[in-house]
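Coordinates in review
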Amino acid sequence: MKIFLYAFLSSVLLCCNSTSKSTGGEKTNLDYAETITAQDLKNHLYTYASDEMEGRMTGTPGQKKAAEYLRDFYKKEGIKAAKEDGDYFQNIPANFFAGRNNPKASENVVAYIKGSEKPDELIVISAHLDHVGVDADGNVFNGADDDGSGTVALLEMAQAFQQAVKDGNGPKRSILFLHVTGEEIGLFGSRYYVENPIFPLENTVCDLNIDMIGRIDPDKASNPEYLYLIGSNKLSQELQDVSTEVNDKYTNLELDYKYDDPNDPNRFYYRSDHYNFAKNNIPIIFYFNGVHADYHKITDTPDKIEYDLMAKRAKLIFLTAWELANREKRITADKA
Ligand SMILES: [Zn+2]
């Protein structure tokens, strides 16, 4: 009898659930992921990696212009500055760039969406805004893949989260959109951030760092639907498990961990901004398409980017951030 009643009740519940789903029109994480489009990424990147930005060398007028482009985007979207004074720039004094020839002041660009239920817990999504400038003959290094791709992916993700906020579906935990400067000259912007964090590092759940997601490694030509993930289980198995589940459920990219091999001579784990978070025992994932013939050359231009693939990779990262921000339990550094 008890069993019968339970079965009866669950069938009623199932019925009502599915009814409300089909008529309610409630938007889901996938609806927001769909707002990240190849065309939007392309539009941003053709400006962000244009000659006008003069290769975005740290501290130069071109880099400042790039920082302003990011700030203006967040302002227009109604996404707030991370700092309480409303300034989107985290200013870094010239003397922080020690060991550099003729060091110049620069800035990180930092925007923020406050969590609706656990605002003190913070998910960081990062990409570096700078590149390597101009060569002696005046040729511009556009850095479309490095790291224009990560930068504009961050903009599209921020816009997707902000749409969710507008619909009353904003993330439970807070999200920090962190555009760091000075990466190419020694990971300075991310180091400055962790030494001068805007939010306490102990409340920082993880950093999802994106550095080059718009191209295809020649080794992967036969299966371009891949992405290298680096360091994803180094401090937290839970983080890698979440990442894998999200990919299996929604994006089905081949997640390639070959650069996690401790004997890999490239040592990529130590070579981008996530490392400054990892040093502070904050779990990280570094998303990377691998190197290619145009890496750090003047030929890293926006016409060579695979925009559909880049959109798919950006969706994976967005949906991973969504899960990390909304799941019941905060992931922990279970291996730290
Ligand atoms: Zn880079």
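Residues numbered from 1 in each chain as written. Predicted model: local features only at pLDDT ≥ 70, side-chain atom pairs only at ≥ 80, totals over all residues. Heavy atoms only, no water.

1. Let's talk about the coordination of the zinc ion
Using the following cut-off: Listed donor atoms are N, O and S within 2.8 Å of the metal (Na, K and Ca: 3.2 Å). As water is not included, a site may look incomplete. Irregular is the label for any site that misses the other tests, which are tetrahedral for four donors with all angles between 85 and 135 degrees, and square planar for four donors or octahedral for six when opposite donors exceed 155 degrees and the remaining angles lie between 65 and 115. Helix and strand definitions here come from DSSP, where helices need a minimum of 4 consecutive H or I residues and strands a minimum of 2 consecutive E residues; each element is numbered from the N-terminal end. Under the scheme applied here, a residue whose accessible area is under 20% of the maximum for its type counts as buried, over 50% as exposed, and between as partly exposed, the area being computed with a 1.4 Å probe on protein chains only.
Around the zinc ion, the protein contributes the donor atoms His128 (NE2), Asp146 (OD), Asp211 (OD) and Asp211 (OD), at 2.0 to 2.5 Å from the metal centre. What the four donor atoms of the zinc ion show is an angle range of 54 to 149° at the metal, which sorts the shape as irregular. Of note, the donors binding the zinc ion are all from one chain and are spaced H-x17-D-x64-D. With Asp146 in helix H5 (residues 144-166) and Asp211 in the loop between strand S6 (204-210) and strand S7 (226-230), this residue pair connects regions lying 65 residues apart in the sequence. Residue Asp146 shares its accessibility class with Asp211, and that shared class is buried.

2. As for the UniProt feature "domain: Peptidase M28" (unreviewed entry) in the chain
The condition that has to hold: UniProt positions are given in the numbering used here, feature names are shortened, and annotations may be inferred rather than shown by experiment.
In the numbering used here, UniProt assigns the feature "domain: Peptidase M28" (unreviewed entry) to residues 108-318. With 30% helix and 21% strand, the stretch residues 108-318 has end C-alpha atoms that lie 21 Å from each other.

3. Re the pairing of strand S5 (residues 173-180)
The line we're drawing: A pair of strands counts as paired when DSSP detects no fewer than two bridges linking them. When the strands point away from the viewer and the path from the first strand over the helix to the second turns clockwise, the crossover is right-handed.
Of all eight residues that make up S5, eight are buried, and the element is covered over most of its length. Examined bridge by bridge, strand S3 (residues 106-113) and S5 share five bridges and lie antiparallel to one another. Looking at S5, one finds that Ala111 is bridged to Phe177. Relative to S5, strand S4 (residues 118-128) runs parallel, the two sharing eight bridges. Following the sheet pairing, Ser126 is matched in S5 by Leu178. The parallel pair S4 and S5, bridged by H5, forms a crossover whose chirality is right-handed.

4. Details of the packing of aromatic side chains
The following threshold applies: Paired rings are identified among Phe, Tyr and Trp, the last through its six-membered ring, by centres lying within 6.5 Å, and are further divided according to the angle between planes into stacked (under 30 degrees), edge-to-face (over 60) and tilted (the rest). Counted as over-ring charges are cases with an Arg CZ or a Lys NZ within 6 Å of the ring centre that also lie within 35 degrees of the ring normal.
For the coordinates displayed, the defined rule picks out 24 aromatic pairs. Geometrically, the ring pair formed by Tyr32 and Trp322 is stacked, given 5.6 Å between the ring centres and 20° between the ring planes. Taken as a pair, Tyr32 in helix H2 (residues 29-33) and Trp322 in helix H9 (residues 307-326) lie far apart in primary sequence, 290 residues in all. Across the pair, exposure class does not vary: Tyr32 and Trp322 are buried alike. Seen from their ring centres, Tyr269 and Tyr275 are 5.8 Å apart, and the 70° between their planes marks the pair as edge-to-face. Judged by relative accessible area, which is 9%, Tyr269 ranks as buried. Given a relative accessible area of 23%, Tyr275 falls into the partly exposed group. Chaining the aromatic ring pairs together yields one cluster made of Tyr32, Phe73, Tyr74, Phe161, Phe177, Phe318 and Trp322. Over the ring of Tyr269 we find Lys234, and its NZ or CZ is 4.5 Å from the ring centre. Lying over the aromatic face of Tyr226, Arg313 brings its terminal NZ or CZ to 4.8 Å of the ring centre.

5. Quick look at the nonpolar core
We apply this condition: Residues belong to one nonpolar core when they are buried, are Ala, Val, Leu, Ile, Met, Phe, Trp, Tyr or Cys, and are joined through side-chain atoms within 4.5 Å. Here, two residues are considered to be in contact whenever any of their heavy atoms come within 4.5 Å of each other.
Core analysis: the biggest nonpolar cluster contains 66 residues, and Ile125, Phe177, Tyr287 and Phe318 have the highest contact counts within it. What Tyr287 contacts, discounting residues up to four positions off in sequence, is Leu208, Asn209, Ile210, Asp211, Met212, Ile213, Leu227, Tyr228, Leu229, Leu316, Ile317 and Thr320. Judged by nonpolar contacts, the second largest core, of 26 residues, contains Tyr193, Ile230, Ala278 and Ile282.

6. With respect to the side chain of His44
Considering the arrangement of structural elements, one finds His44 in helix H3 (residues 38-48). Overall, the relative accessible area of 11% leaves His44 in the buried class. Look past the residues within four positions of His44 in its chain and what remains in contact with it is Tyr69, Phe73, Val152, Leu155 and Glu156.

7. Some points on the confidence of the model for the chain
As a reminder of what qualifies: Scored between 0 and 100, pLDDT is the confidence that the predictor attaches to each residue.
Residues with a pLDDT of 70 or more make up 93% of the chain, whose mean pLDDT is 93. Between residues 1-23, whose pLDDT stays under 50, and residues either more than four places distant or in other chains, the model counts zero contacts.

8. Remarks on a negative patch on the surface
Quick reminder of the rule: Grouping into patches uses exposed residues only, defined as over 30% relative accessible area, and leaves out salt-bridged ones; the cut-off is 9 Å for like charges and 5 Å for nonpolar side chains (Val, Leu, Ile, Met, Phe, Trp, Tyr). Using a 1.4 Å probe, the Shrake-Rupley method yields the accessible areas, and only the shown protein chains count as cover for residues. Each reported salt bridge corresponds to a side-chain nitrogen of Lys or Arg within 4 Å of a carboxyl oxygen of Asp or Glu. Under this rule, positive means Lys or Arg and negative means Asp or Glu; His and the chain ends count for nothing. Lys charges are placed at NZ, Arg charges at CZ, Asp charges at CG and Glu charges at CD.
Together, Asp241, Glu245, Asp248 and Asp334 line one region of the surface with negative charge. Counting through the fold element by element, Glu245 comes out in helix H7 (residues 237-251).

9. Structural notes on the packing of H3 against H9
Rules: Lines fitted to C-alpha atoms define the axes, with helix axes restricted to the stretch in contact, and inter-axis angles between N-to-C directions lie between 0 and 180 degrees. Should an angle fall under 35 degrees it is called roughly parallel, over 145 degrees roughly antiparallel, and 65 to 115 degrees roughly perpendicular, with every other angle called oblique. Note on residue categories: nonpolar means Ala, Val, Leu, Ile, Met, Phe, Trp, Tyr, Cys or Pro, charged means Asp, Glu, Lys or Arg, and polar means any other residue, Gly included.
Between H3 and H9, whose axes approach to 8 Å, the crossing angle comes to 105°. If you check the angle between H3 and H9, you find them roughly perpendicular. Facing H3, whose interface residues are Ala38, Leu41, Lys42, Leu45 and Tyr46, H9 presents Tyr307, Asp308, Met310 and Ala311. A class-by-class count of the residues in the contact of H3 with H9 yields seven nonpolar, no polar and two charged.

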